[in-house]
Amino acid sequence: MDLPSAARSGLLPALVEAHTRCGAIDASEAGRIAAGLRMPAALAWEAASSFPDFERETARGAEPVCVGPACLAAGAIAGPGQVAVECQHRCFEAPAAGEDAPFPESAIRLAGPLLAPEDTDWRGLDAARASGRDGVLAGLERSGLRGRGGAYFPVASKWSAALARERPLALVVNAEEGEPGVYKDRALLCRRPRRFVEGLAIAIEALAPAVTVIFLNGRAQGAMESMRSALESHGDILPAAPRVVRGGGGYVLGEETTMLNAIEGRKPVPRVRPPFPVESGLWGMPTVVNNVETIASLAVIFREGAAAFRARGTAAAPGTRLLSVSGAVARPGVYEVEMGVTIARVLEMAGGPAARPIVAALAGGPSGGFLPESTFGTPLLPGQLHATGAALGAGGLLFLDSPAAVRKTALYLAEFNAAESCGKCTPCREGAPRAHEMLASGNKAGLEDLLEVMAVASLCGLGQMAPGPIRSALHFWPELFA
Amino acid sequence: MSLTVDGIEAPAEGTLLDAVLAAGIGLPHLCTDDNLAAIGACRTCLVEADGRIVAACSAPASQFHQVATRGAVVERIRRGVLELTAAMVSPGSLDRPGGPHAGELAAALASHSARLDRYPHRTRTRSDATNTFFSFHEEACILCGRCVAACQELQHIGAIGMAGRGGATRVTPGADATFADSICTSCGSCVAACPTPALSPREAFAP
């Protein structure tokens, strides 16, 4: 099926192409692209100027040096001839530098069914095909699979809600993975792409989407090449080639409605909900948005059976999930663990402290919070791990070995959330920079009031959860911010 | 199922904002006007609905039973959002004459006893007086998005957009463009929608 609004949806691919070809996109370049797509220049400019990557010259000569949280904690600093860049999602080799490279097999530290060596047959897909749509939905329901992007919404419920509209629907795979400290989708796409393709085929088989889009992080070149090659080699199992769209950066791009706007060629900002994407998403179609790991889990569930999937994890949160473990541990990397494992156990699996004793863990990145070592008995389960902010989220765990590192990371995350605010809603756009200023200056009068406003009033999860790192750091280490 | 707003029976149709206004109760709604779908940007129409705080503009009335616009927590948070909004406009800029809805922000600030100096001001200062019929003063702009929605969704023109992100977001006809050299047709929809005097009729055309 041809895509609706084809002209406007050509905007982001055209911007990506122009940026790759000639670096930073200015208004005149955006204007030329707009003219080619026969759309108003102001509309192309509002979208183009909202993707941080398009502001940057394509670095030539200068070596990128990662200054994301894990690299910062490892002492990263950009020297002469180098350029500081946001998290490169290579926290397993912090401090990281250089261009994006394929995720190395050696950084897969613990494999379960998701990260096991790839299969040579399509038994999962065959089983799904044999059971038909209703059988797949029933199997999914029995498995209890919950979305691995971080919100843990039951996948069977999401699919059923979209199918219940009885209208042509869209399937969007969220492969943006823009959260600092998370790199597990890159691991899957680089090292187990065939499993992802099998899961995708199962989803397409069951949902029969009119449109399938894989939205992939614009900088994840290694994952792009590996995925493209797998889609080409195994294209025969997919009824139609999915459309692959690359992003232009920005943490908020991983928020699903922001992603839908980006695909449509609109400014990448969140939409109000309701309507939820399953009701009205991409071009108004009922839309299922699933994370890469969720899609790959389908292959595991239909290969091993729902009961085998349920045998791992907990009753309410079955299965395994991928953790991106980084920081001051002996063996940082991707760990496939059963849901419900404790942080202490993860630390042990990761070989314990690399040098000094661990004092804190950041769980959930910029949308999560810090936990002191005394709480490491907490099991990793969906939802908040602590009322002050820590959450399992997309499975990022950063271990820190000094109070100074906690302070540095908290300030980094407060600044990150301010810089990554898309600017659409007032509490986040106006609140996040002031929250960062208050934390940095130590003048915290009114800070809790401000954090409450951001948490309750913000439009999307980015603003609602931005208080987490600040609140948790202040709760457990008030003396660091006096 | 019945819906009450502050104890008053209200029609459970459309959004909670529709229900609140139909019950004759005042509630700020700086990014929503009658002609446009919910934008969800200003976050000033927060109400407490069945124990949750939600933005009334985008909450379906049929899903709720008891709605309160009053209450310590919801009023404190609305005031907080309004105080952040107040910090976006320069002192005095709201006193300027404007379009038909230009007084909405000032009225919301007054009804909530919002402190205008709660947060250090962070105002944008560009002006554009190149159009014959209206002018644009960023110092009174709160980035609610009504003007952009009116231009793009209501009039299908697309002369203006919300360029940039985060604190650098601004309403603009293009990077260095002016209204005069944009595709603006001077239809006036943006001026009619603006809840502050940011987009205001030129003196000769003021109502």
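Data block above holds the structure.
Residues numbered from 1 in each chain as written. Chains lettered and ligands numbered in written order. Predicted model: local features only at pLDDT ≥ 70, side-chain atom pairs only at ≥ 80, totals over all residues. Heavy atoms only, no water.

Caption draft 1: Region of the structure containing the nonpolar core. Counting residues in each nonpolar core, the largest one holds 132 residues, and the members touching the most others are Trp 159, Phe 196 and Leu 200 of chain A together with Leu 16 of chain B. When neighbours within four sequence positions are excluded, Leu 16 of chain B is seen to be in contact with Leu 3, Val 47, Ala 49, Val 54, Ala 56, Ala 59, Ala 61, Phe 64 and Val 67 of chain B. If you look at the next biggest cluster of nonpolar residues, it comprises 37 residues, including Leu 109, Cys 151, Ile 160 and Leu 199 of chain B. (Core = buried A, V, L, I, M, F, W, Y, C linked by side-chain atoms within 4.5 Å. Buried < 20%, exposed > 50% of the residue type's maximum accessible area, 1.4 Å probe, protein only. Contact = heavy atoms within 4.5 Å.)

Caption draft 2: Fine view of the interface of chain A and chain B. The interface of chain A with chain B comprises 38 residues on the first partner and 46 residues on the second. Overall, the association of chain A and chain B removes approximately 3,100 Å² of surface from exposure, summing both partners, and the carbon and sulfur fraction of that is 56%. Sorting the residues of chain A by area buried against chain B places Thr 426, Arg 429 and Arg 434 of chain A first, and these three jointly supply 17% of that buried surface. Summed over the shared surface of chain A and chain B, the number is 4 salt bridges. Between chain A and chain B we count 16 residue pairs in polar contact (both at pLDDT 80 or more) in total. Listed by contribution, the elements that provide at least two residues to the side of chain A that touches chain B are α4 (41-48), α15 (403-420), α16 (426-441) and α17 (447-457) of chain A. (Buried area = accessible area lost by both parts, 1.4 Å probe. Salt bridge = Lys/Arg side-chain N within 4 Å of Asp/Glu carboxyl O. Polar contact = N/O pair within 3.5 Å; in protein donor to acceptor, adjacent residues only side chain to side chain. Helix = DSSP H or I, 4+ residues; strand = E, 2+ residues; numbered from the N terminus.)

Caption draft 3: Molecular detail of the packing of aromatic side chains. Under the defined criterion, the tally for this structure stands at 10 aromatic pairs over all chains. Arranged with centres 5.8 Å apart and planes meeting at 65 degrees, the rings of Phe 476 of chain A and Trp 477 of chain A form a pair that is edge-to-face. For Phe 476 of chain A, a relative accessible area of 22% corresponds to the partly exposed category. Taking the relative accessible area as the measure of exposure, Trp 477 of chain A reaches 8% and is therefore buried. For the ring pair Phe 134 of chain B and Phe 179 of chain B, a centre distance of 5.0 Å and an interplane angle of 80 degrees mean the geometry is edge-to-face. On the criterion of sequence distance, the pair formed by Phe 134 of chain B in strand β7 (residues 134-137) and Phe 179 of chain B in the loop between β9 (170-172) and α5 (189-193) is long-range, its members being 45 residues apart. For Phe 134 of chain B, a relative accessible area of 3% translates into the label buried. Its relative accessible area of 5% is what places Phe 179 of chain B among the buried residues. Site record: aromatic cluster; members linked through ring pairs are Phe 92, Phe 103 and Tyr 183 of chain A. A cation sits over an aromatic face here: Arg 194 of chain A above Trp 122 of chain A, 3.6 Å from the ring centre. (Phe/Tyr/Trp six-rings, centres within 6.5 Å; stacked < 30°, edge-to-face > 60°. Lys NZ or Arg CZ within 6 Å of the ring centre and 35° of its normal.)

Caption draft 4: Here's a closer look at the sheet that holds strand β8 (residues 320-327) of chain A. All names here are of chain A. With respect to topology, 6 strands assemble into an open sheet ordered β3-β9-β8-β12-β10-β11, the strand pairing being mixed. The strands lining the two open edges of the sheet, one partner per strand, are β3 (108-110) and β11 (369-372). Strand after strand, the sheet turns through a mean of 30 degrees between neighbouring axes, direction not considered. Note: β3 against strand β9 (residues 333-338), 2 bridges, orientation parallel. (Pairing = 2+ DSSP bridges. Axes fitted to C-alpha atoms, helices over the stretch in contact; angles between N-to-C directions.)

Caption draft 5: Representation of the sheet that holds strand β7 (residues 287-291) of chain A within the structure. Residue and element names in this part refer to chain A. With respect to topology, 4 strands assemble into an open sheet ordered β6-β5-β4-β7, the strand pairing being parallel. Each of the sheet's edge strands pairs with one partner strand only, and the pair in question is β6 (243-246) and β7. Sheet twist, expressed as the average angle between the axes of neighbouring strands with direction ignored, equals 20 degrees.

Caption draft 6: Geometry of the side chain of Arg 165 of chain B. When you line up the elements, Arg 165 of chain B lands in the loop between β8 (161-163) and β9. Residue class for Arg 165 of chain B comes out buried when judged on its relative accessible area of 14%. Setting aside chain neighbours within four positions, we find Arg 165 of chain B in contact with Ser 49, Ser 50, Pro 52, Gly 250, Ala 419, Glu 420, Ser 421 and Cys 422 of chain A.

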